[in-house]
Amino acid sequence: MSLGTETTDTDRTESDRGDGLVGGDSSGRELAGGLLVAASAAALLGGFLTLLMFVPVSTTVMGVRVGTFLGGMLALAGAGTMAVGVASVVGAPADRPRHSGGLVDAAVFGLAWFVAGGLLAAYPLGLGTLWPAVALVTGIGATALALLAREDVGVTLPGGALVLLSGGLVATGVVGPGWTWSPSSFSATVTPTTAVPVILIVVGLLAGWITARIYGGFGAKGRQAGAYLLVGATAAGMLAFLGLLVSFIVVRGFGPMTDGIEFGLFWGPVTWFHLPVLDEWLIIEGPIVWFYWPFVMEGYGLTTPANGIYPAIVGTVWLVAGAVTLAVPLGVGAAVFLTEYAEQGRFTFLVETATNGLWSTPSIVYGLFGLAFFVPRLGNTNSLLAGQLVLGFMLLPLVVITSRESLKSVPDEYRDASAALGVSKWETIKSVVLPAAMPGVITGVILGVGRIAGETAPILLVMVSEPFPTEAPTFVDGGFRFIGSAPFVAGPELDLVQSSSALPYQLYAVITAGLQENIEFAWATALVLLLVVMSFYAIGIASRIYFRRKLTA
Amino acid sequence: MSETGTTSSETDDGQSEQPSFDDDGTEPTQPAGPGSSQTVGAETDERTRAEWVEYDFEGDPKLAVEDLDVYYGDDHALQGVSMDIPEESVTALIGPSGCGKSTFLRCLNRMNDRIKAAEIDGSVELDGEEIYQDRVDLVELRKRVGMVFQAPNPFPKSIRDNIAYGPRKHGDLRTGLVARLLGRDDAEEEDALVERSLKQAAIWDEVEDRLDDNALGLSGGQQQRLCIARCLAVGPEVILMDEPASALDPIATSKIEDLIEELSEDYTVVVVTHNMQQAARISDQTAVFLTGGELVEYDDTDKIFENPESQRVEDYITGKFG
């Protein structure tokens with residue numbers, strides 16, 4: 001037997017067998033599946049656009065009502081899905097369907113048809129109290145079909161029918177202009193403005209899942225394609241929401257925030273000093289960059305040229321700096337003790353549980369504690385120091401939790417290697433374990449700072465005195481300087497027991513003062529708060545990169 | 001000279017079936033399956049004789065171990081082991097997995113103290129001084145008895161910092177900010193020490209130009225030699241090696257083996273290995289541990305490999321079990 005015949009033999013067997021290594025021609029199925037996925041995606045995307053009112057449902061684009069078009073897309077996907085199902089029964093079987101849809105399919109279609117049947121019975125058919133019976137019948141029917149029929153039929157028929165039905169209702173205008181629904185157990189009235197987008201999104205996702213499985217040819221590949229589509233849609237939706245949130249704040253806040261910025265370059269006195277011998281002033285002139293940004297450089301008041309939030313920015317920066325200074329050494333120290341020294345057992349478990357509980361404690365509780373405990377002991381007045389302490393204790397549990405996790409993840413080999421060199425435990429922790437755990441600790445602090453920088457409730461209770469401060473309090477007065485009496489050197493005076501504002505509280509104050517004339521001020525404050533938190537993040541991320549680089553490069 | 005504490009292992013079949021701890025003391029392994037019942041029978045029939053573990057050599061022993069028992073909870077990991085280790089030589093410890101050779105090794109610089117479940121009973125003398133007594137300075141002990149581990153474990157620091165780590169922490173090198181400000185900086189001594197240690201570990205030529213790069217960027221074999229250099233930098237007298245080449249490829253292994261032979265001129269090297277050819281190549285004397293944490297035979301390497309007294313040792317060396 002020659003080599004040539006062998007090859008031909010193999011070739012023939014592979015093309016003859018349906019489940020060979022190289023599958024049969026699947027371009028037709030992939031084309032149909034791809035088109036159906038596109039139709040479902042169009043409906044899903046349209047659902048989001050109409051929900052956000054970028055394109056309201058009732059408008060007409062190029063002579064077609066938006067609702068009719070999107071509903072039509074959905075109906076098309078449903079009809080196509082059913083057609084594929086019918087085709088695979090009649091004579092063009094799908095690639096590798098499993099013999100049953102499986103539990104997930106049964107649950108999804110059963111639930112979907114239960115809801116759909118119930119809604120149909122209750123509203124358009126007007127069957128009143130009979131709806132649970134109808135819902136059960138449709139639900140069980142869909143479950144049975146998905147469980148008992150071969151996968152390609154069990155998925156396409158109940159799914160396609162549901163998609164076709166929902167799309168049809170939207171496209172034909174049954175759920176369209178003039179339609180309302182006031183369920184008796186629900187105080188709101190459902191209108192097409194919300195109902196149509198919700199139908200488009202929910203059913204669009206379902207249709208996308210089914211049609212992606214058609215595209216993949218059912219079986220393992222089909223499930224892979226379906227899962228890929230769902231995960232992708234979820235990720236895209238999440239990113240889109242984040243983008244929406246940030247752009248919303250930026251678009252509304254950027255104008256008022258940057259209002260009145262002035263800058264320029266001019267010639268002026270740069271520095272001047274008194275010459276003792278000549279008894280004259282020497283003035284050195286040079287180019288000066290002049291920059292004025294009223295919103296972040298002014299307070300709020302009648303005398304200022306413009307209303308700004310400078311005092312609140314100063315307050316937030318001091319607040320976060322103080323809280324971090326308090327919480328990080330304490331938290332890391334506690335984590336080192338719990339992980340490296342304490343015997344792992346009931347005690348550490350108890351502390352761990354308590355720490356997790358403390359991190360979930362509502363901030364207003366911390367605020368109330370601060371008001372009752374710190375404020376009377378710190379000059380009996382609302383003060384920055386009280387705010388720093390309260391927020392520091394709020395941050396503490398998270399620092400402990402994340403530091404413990406990152407200390408535990410430092411390999412024991414490092415500790416062994418250090419011990420074998422005769423280095424004591426504390427030296428090992430200081431020079432090997434903590435540096436290796438540092439990136440994780442910083443990640444925890446970054447997360448915590450994001451939370452405490454945005455806290456309003458504790459600040460409201462322990463820190464602020466006036467809602468719209470005109471000037472920022474002077475926490476540090478003077479610098480290092482020589483004085484005439486012993487000890488001849490004076491340092492800056494640090495006075496933290498003064499009330500201060502902070503950005504979240506400033507925002508709250510603006511909102512409670514009435515938004516009508518202040519709405520722009522509020523958005524600008526929100527944007528500045530976002531930027532301040534982002535810059536704390538930037539500092540944290542930069543230091544994390546620094547420590548990580550020290551470990552790897 | 002030495003004398004075995006528990007010479008007889010009144011072993012029955014139950015003993016060989018009880019799970020024993022692996023080298024790191026955590027993983028229980030089944031020493032012998034039912035398929036090897038014949039060899040297990042051969043193994044358990046034999047009684048260990050005291051003279052098998054007596055090894056005569058000239059001079060005082062560097063390390064003298066007497067009646068060493070180790071328990072991990074209920075598990076008796078090491079049974080009355082006694083052996084004397086001569087100075088400036090290579091002693092190989094061989095035996096199947098879970099036989100207690102790594103446990104024995106870790107007793108020699110009290111690294112087993114770090115395992116909470118371990119309970120150690122018996123005596124180990126370094127230059128005639130008992131290391132298992134109160135007021136023993138573990139820092140000083142581990143400076144004199146260094147250790148190299150199975151997997152290369154350099155710190156995530158630069159090559160220079162890895163080498164200088166031990167001496168800096170012991171205060172032998174002053175490189176801190178205060179020292180630098182006071183002009184008592186030992187930067188030159190540090191450079192000399194780093195170079196000397198790396199040369200001793202036969203890795204200087206490969207890393208000469210990148211002393212400030214991270215040690216984790218080296219290959220596995222280079223990392224292991226770096227770990228040996230790090231151990232040498234502290235100035236030990238004894239170097240314990242726990243399967244130092246088992247994670248390395250043959251070329252890196254042969255470099256480590258050459259290095260061990262060189263080191264034995266100045267240091268007392270005790271090396272645990274799974275590889276019997278390696279033990280035969282590099283060691284001056286060999287101790288064979290068998291299942292149950294028992295030292296069965298200890299003698300000149302040539303004697304052990306060519307004409308062992310114990311039938312079980314012969315079976316193990318010729319590959320009949322283990």
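Here the structure is a predicted model, which is why all the values come from computation and not from measurement.

We now examine the packing of helix H8 (residues 219–258) of chain A against helix H18 (residues 519–552) of chain A. Residues and elements named next belong to chain A. Two elements in contact, H8 and H18, have axes separated by 7 Å at closest approach and are oriented at 115°. For the element pair H8 / H18, the angle class is roughly perpendicular. As for how H8 packs across H18, the hand of that crossing is left-handed. On the side of H8, the interface is formed by Val 246, Phe 248, Ile 249, Val 250, Arg 252, Gly 253, Phe 254, Pro 256 and Met 257, while H18 contributes Glu 520, Trp 523, Ala 524, Ala 526, Leu 527, Val 528, Leu 530 and Leu 531. Each residue belonging to the contact of H8 with H18 can be placed in one class, and the counts come to 14 nonpolar, 1 polar and 2 charged.

Turning to helix H6 (residues 151–171) of chain A, a few remarks are in order. Residue and element names in this part refer to chain A. The end-to-end C-alpha distance of H6, which contains 21 residues, comes to 29 Å, matching closely the 30 Å that a straight helix rising 1.5 Å per residue would cover. The buried count for H6 comes to 15 of 21 residues, which makes it a mostly enclosed element. Gly 173 occupies a position one or two residues after H6 and carries a positive phi of about 85°.

Quick look at the sheet that holds strand E12 (residues 294–300) of chain B now. Residue and element names in this part refer to chain B. Here 6 strands make up an open sheet; going across it, the order is E8-E9-E10-E5-E11-E12 and the pairing mixed. The open sheet has two edge strands with one neighbour each: strand E8 (145–148) and E12. Across the sheet, the mean angle from the axis of one strand to that of its neighbour is 15°, orientation sign disregarded. Pairing geometry for strand E11 (residues 285–290) and E12, over 6 bridges, is antiparallel. Opposite Val 288, over in E12, you have Glu 297 as the bridge partner.

Attention shifts here to unusual backbone geometry. All names here are of chain B. Notably, Arg 110 is not glycine yet its phi reads approximately 60°, a positive angle. As for its position among the elements, Arg 110 is in the loop between helix H3 (101–107) and strand E6 (118–126). Within the chain, Glu 243 stands out as a residue other than glycine whose phi angle is a positive 45°. Of the residues examined, Glu 243 reaches a relative accessible area of 4% and is grouped as buried.

Turning our attention to the confidence of the model for chain B. Residue and element names in this part refer to chain B. With 85% of its residues at a pLDDT of 70 or more, chain B has an overall mean of 80. Segment residues 1–43: pLDDT under 50, and 76 contacts once partners within four positions in sequence are set aside and those in other chains are kept. For this predicted complex, the interface score ipTM comes out at 0.79, while the overall pTM is 0.76.

Calculation criteria
Residues numbered from 1 in each chain as written. Chains lettered and ligands numbered in written order. Predicted model: local features only at pLDDT ≥ 70, side-chain atom pairs only at ≥ 80, totals over all residues. Heavy atoms only, no water. Axes fitted to C-alpha atoms, helices over the stretch in contact; angles between N-to-C directions. Helix = DSSP H or I, 4+ residues; strand = E, 2+ residues; numbered from the N terminus. Parallel < 35°, antiparallel > 145°, perpendicular 65-115°, else oblique. Left-handed = near helix turned anticlockwise from the far one by under 90°. Contact = heavy atoms within 4.5 Å. Nonpolar A, V, L, I, M, F, W, Y, C, P; charged D, E, K, R; others polar. Expected span 1.5 Å × (residues − 1). Buried < 20%, exposed > 50% of the residue type's maximum accessible area, 1.4 Å probe, protein only. Pairing = 2+ DSSP bridges. pLDDT = per-residue confidence, 0-100.

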